[in-house]
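These are the residues of each chain, in order.
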Amino acid sequence: MGILAAKKLPMRDIKLSGREAAVVRAIGFAESMLGAEILDSTRMEPEDVGDTLNGLIAAGFVETIPYAEQVDLAEMPSTAFEVNPAYVHELRTAIARR
């Protein structure tokens, strides 16, 4: 019953803010990216990038390598981030809608 229900129920629509979309675009969907590279790519303030990444991590959309529940601003540049493979399709759709 569980598998059949999962096939019938659509995934929730993900709505990203502009900052969240910029960070997800910077990370990309193929490989992980270091926090320093995300900072360079987004041209956002480090505090904003850190807050946005922690929000995406808390929502389960982004993961860190090595795994962490939250990333400190001092650790962010040397931490690798990747999009959670379970949400790739939904995140691509959310970015395309922007």
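Residues numbered from 1 in each chain as written. Predicted model: local features only at pLDDT ≥ 70, side-chain atom pairs only at ≥ 80, totals over all residues. Heavy atoms only, no water.

(A) Focus on the packing of aromatic side chains. Under the criterion given, the structure shown has one aromatic pair. On the basis of an interplanar angle of 75 degrees and a centroid distance of 5.0 Å, the ring pair of Phe-61 and Tyr-87 is categorised as edge-to-face. Here Phe-61 is found in the loop between helix H4 (46-59) and strand S2 (62-65), whereas its partner Tyr-87 is found in the loop between strand S3 (80-83) and helix H5 (88-97), with 26 residues between them in sequence. (Phe/Tyr/Trp six-rings, centres within 6.5 Å; stacked < 30°, edge-to-face > 60°. Helix = DSSP H or I, 4+ residues; strand = E, 2+ residues; numbered from the N terminus.)

(B) How the structure looks around the sheet that holds strand S1 (residues 33-34). Read across the sheet, three strands follow the order S1-S3-S2 without closing on themselves; strand pairing throughout is antiparallel. Two strands lie at the open edges of the sheet, namely S1 and S2, each paired on one side alone. As defined by bridge partners, S2 adjoins S3 across four bridges and the pair is classed as antiparallel. Each bridged residue has a counterpart across the sheet, and for Glu-63 the counterpart in S3 is Glu-82. Here helix H2 (residues 18-27) sits on the sheet and contacts S1, S2 and S3; the angle it forms with S3, its principal contact strand, is near 100 degrees. (Pairing = 2+ DSSP bridges. Contact = heavy atoms within 4.5 Å. Axes fitted to C-alpha atoms, helices over the stretch in contact; angles between N-to-C directions.)

(C) Just the pattern of salt bridges, in detail. A full pass over the atoms with the stated rule returns one salt bridge. The shortest N-O distance in the salt bridge between Arg-19 and Asp-48 comes to 3.5 Å. Of the two residues, Arg-19 sits in helix H2 while Asp-48 sits in helix H4, which places them 29 residues apart along the sequence. For Arg-19, a relative accessible area of 47% puts it in the partly exposed group. (Salt bridge = Lys/Arg side-chain N within 4 Å of Asp/Glu carboxyl O. Buried < 20%, exposed > 50% of the residue type's maximum accessible area, 1.4 Å probe, protein only.)

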